[in-house]
Amino acid sequence: MLNNSNIIKNFSYDQTEILHNIGLLYNGGSDQFDADMTASTLGFYGKGRGKYEIPEPKVLMDVCPTREDILKIEKWGSLPLEDKSIKSLVIDLPFVISPANAPSAVEDKEGASLIYKRFAGYYPVDNLYLSYYHWLSEASRVLEDGGICIFKCQSCISGGIRHNIEEFSFMAAQRLGFKMEDKFTLIAKARLISPNRYKSGQKHSRSYTSQFLVFIKDPKKKSKDFFVEDMLDRFDREAKE
């Protein structure tokens, strides 16, 4: 019987628990996903990563491979997979907005742009949105109908402006033939804090959460989901009539 101790919750402090629960609910009960296009240092997988030992996906890819068995992909290229060839895909794109030659990114000063140096980023900001749309489009191409895309993302602040990456990703995915079946929130116990960012005071809350969005490829819109763009178009027409 389900209770508060064993029910699958929509949040966790452990991303391996989130991936395990996504596998239980949407991947036939399996933690084995077909592909990861942002494998990086394989931080999701293997022993010691968290409560669960998530096996490495069958196909590993990255723009900057860290192992010989990780396939190199181009930043604006295509995935080396056939159309409708996989059932599950993990994506964890960068969310940092910063020029590659920014002083804080290139200087050797301890603590400077730690997140950028670890995960790279985008500049100008439009490139972040374009990249997210591009790779969601590729995900739609390579996933079979009914396949799942596990899409990790996090909203961010840049130049004093909040970028609502989670909401953009949801709307982009809907346009590309996905429905958002679920959302899990990863909570961080601590975050890197940049003294430079807060030297004139804090203007926005510091985010301690990131999201794992579970998209299911549904090109014929068979679900009963509300499609936001369709609704807004209809409301706009009705308002003018």
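Above this text you will find the structure in question.
Now for a look at the structure at hand. (Residues numbered from 1 in each chain as written. Predicted model: local features only at pLDDT ≥ 70, side-chain atom pairs only at ≥ 80, totals over all residues. Heavy atoms only, no water.)

## Details of the overall build of the protein
Stage number 1. What the protein contains, in helices and strands, is 6 helices and 12 strands.
Stage number 2. The burial tally for the protein puts 39% of its 241 residues in the buried class.
Stage number 3. For the protein, long-range pairs separated by at least 24 residues make up 71% of all intrachain contacts whose partners lie at least 6 apart in sequence.
Stage number 4. Here the protein has roughly 13,900 Å² of accessible surface; of this, 52% comes from carbon and sulfur atoms. (Helix = DSSP H or I, 4+ residues; strand = E, 2+ residues; numbered from the N terminus. Buried < 20%, exposed > 50% of the residue type's maximum accessible area, 1.4 Å probe, protein only. Contact = heavy atoms within 4.5 Å. Areas by Shrake-Rupley, 256 points an atom, 1.4 Å probe, with all protein chains shown as cover.)

## Quick word on the packing of helix α4 (residues 125-142) against helix α5 (residues 165-175)
Stage number 1. Two elements in contact, α4 and α5, have axes separated by 10 Å at closest approach and are oriented at 40°. The handedness of the crossing between α4 and α5 is right-handed. Here α4 contributes Leu128, Tyr129, Tyr132, Tyr133 and Leu136 to the contact with α5, which in turn contributes Ile165, Phe168, Ser169, Ala172, Ala173 and Arg175.
Stage number 2. Residues belonging to the contact of α4 with α5 are distributed by class as follows: 9 nonpolar, 1 polar and 1 charged. (Axes fitted to C-alpha atoms, helices over the stretch in contact; angles between N-to-C directions. Left-handed = near helix turned anticlockwise from the far one by under 90°. Nonpolar A, V, L, I, M, F, W, Y, C, P; charged D, E, K, R; others polar.)

## What to know about the packing of aromatic side chains
Stage number 1. Here the structure, examined in full by the defined rule, presents 6 aromatic pairs.
Stage number 2. The interplanar angle of 85° and the centroid separation of 5.8 Å between the aromatic rings of Phe44 and Tyr45 together place this pair among those described as edge-to-face. As far as burial versus exposure is concerned, Phe44 and Tyr45 are alike and both buried.
Stage number 3. Residues Phe178 and Phe215 carry aromatic rings whose centres are separated by 5.9 Å and whose planes lie at 40° to one another, so their mutual orientation is tilted. Of this pair, Phe178 sits in strand β11 (residues 178-187) while Phe215 sits in strand β12 (residues 209-217); the two residues are 37 residues apart in sequence, bridging distant segments of the chain. We note that Phe178, like Phe215, is buried.
Stage number 4. Among the aromatic residues, those joined into a cluster by ring pairs are Tyr132, Phe151, Phe178 and Phe215.
Stage number 5. When the ring centre of Tyr13 is taken as origin, the NZ or CZ atom of Lys189, which lies over that ring, is 5.6 Å away. (Phe/Tyr/Trp six-rings, centres within 6.5 Å; stacked < 30°, edge-to-face > 60°. Lys NZ or Arg CZ within 6 Å of the ring centre and 35° of its normal.)

## Observations concerning the nonpolar core
Stage number 1. If you look at the biggest cluster of nonpolar residues, it comprises 29 residues, and the most contacted ones within it are Met37, Leu89, Cys149 and Phe151.
Stage number 2. Taken together, the elements giving at least two residues each to this core come down to β5 (86-92), α4, β8 (143-153), α5 and β12.
Stage number 3. Not counting chain neighbours up to four residues away, the residues in contact with Leu89 comprise Ala35, Asp36, Met37, Met61, Leu79, Ala139, Val142, Leu143, Ile148, Cys149 and Ile150.
Stage number 4. Counting 19 residues, the second largest nonpolar core, distinct from the first, contains Ala39, Phe44, Leu60 and Ile216. (Core = buried A, V, L, I, M, F, W, Y, C linked by side-chain atoms within 4.5 Å.)

## With respect to α5
Stage number 1. For α5, the full list of buried residues reads Ile165, Glu166, Ser169, Ala172, Ala173 and Gln174.
Stage number 2. Count one or two residues on from α5 and you reach Gly177, which has phi positive near 100°.

## A look at a nonpolar patch on the surface
Stage number 1. A contiguous nonpolar patch, built from Ile8, Leu24 and Leu25 and spanning about 230 Å² of accessible area, is present on the exposed surface.
Stage number 2. Along the chain, Leu24 falls in helix α1 (residues 15-26).
Stage number 3. Accessibility expressed as a relative area gives 40% for Leu24, which makes it partly exposed. (Patch = residues over 30% accessible without salt bridge, like charges linked within 9 Å, V, L, I, M, F, W, Y side chains within 5 Å. Salt bridge = Lys/Arg side-chain N within 4 Å of Asp/Glu carboxyl O.)

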